[in-house]
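A closer look at the structure
Here is what each chain is made of, one letter per residue.
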Amino acid sequence: PPPASLSATTFEPTIGAMEISAGDTAWMLTSSAMVLLMTPGLAFFYGGLVNDRNVLNTIMMSFIAMGVVAVPWMVVGFSIAFGSGGG
């Protein structure tokens, strides 16, 4: 037989137990906006480090990298970050 402490505890998931917090949502939107604004800043920084003829190419590589990273984030990262498994 299981110990008394385990038999009295039930581990049933409850539907609707998580509530959306306004503070958490505001922080998530603010931090996402800061990351999106960081990309052009980094692009212009890198653009200033290269010759004049390579500036546009360097800036576009930063924006393309942001687009390439966005796809795996939507496919895999979102479910890892906001999924039900884990703490």
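Just so it is clear, the model here is predicted, and its values are computed rather than measured.

**Section: the overall build of the protein chain**
Scanning the protein chain from terminus to terminus reveals three helices and zero strands. When the elements of the protein chain are put in sequence order from the N terminus, they spell out α-α-α. Looking at the protein chain as a whole, 9% of its 87 residues qualify as buried. As displayed, the protein chain has an accessible area near 7600 Å², and 71% of this comes from carbon and sulfur atoms.

**Quick look at the side chain of T58**
Positionally, T58 belongs in helix 3 (residues 55-82). Residue class for T58 comes out buried when judged on its relative accessible area of 11%. Ignoring any residue separated from it by four or fewer positions in sequence, one finds T58 in contact with Y46, G47 and V50.

**Observations concerning helix 3**
The first and last C-alpha atoms of helix 3 sit 37 Å apart over 28 residues, in line with the 40 Å expected at 1.5 Å per residue. Maximal helix bending in helix 3 amounts to about 50 degrees, located at W73. Along helix 3, the positions that sit buried rather than exposed are T58, I59, S62 and G77. Elements in contact with the buried residues of helix 3: helix 2 (22-48).

Parameters at a glance
- Residues numbered from 1 in each chain as written.
- Predicted model: local features only at pLDDT ≥ 70, side-chain atom pairs only at ≥ 80, totals over all residues.
- Heavy atoms only, no water.
- Helix = DSSP H or I, 4+ residues; strand = E, 2+ residues; numbered from the N terminus.
- Buried < 20%, exposed > 50% of the residue type's maximum accessible area, 1.4 Å probe, protein only.
- Areas by Shrake-Rupley, 256 points an atom, 1.4 Å probe, with all protein chains shown as cover.
- Contact = heavy atoms within 4.5 Å.
- Expected span 1.5 Å × (residues − 1).
- Bend = angle between axes of the 7 residues up to and from the residue.

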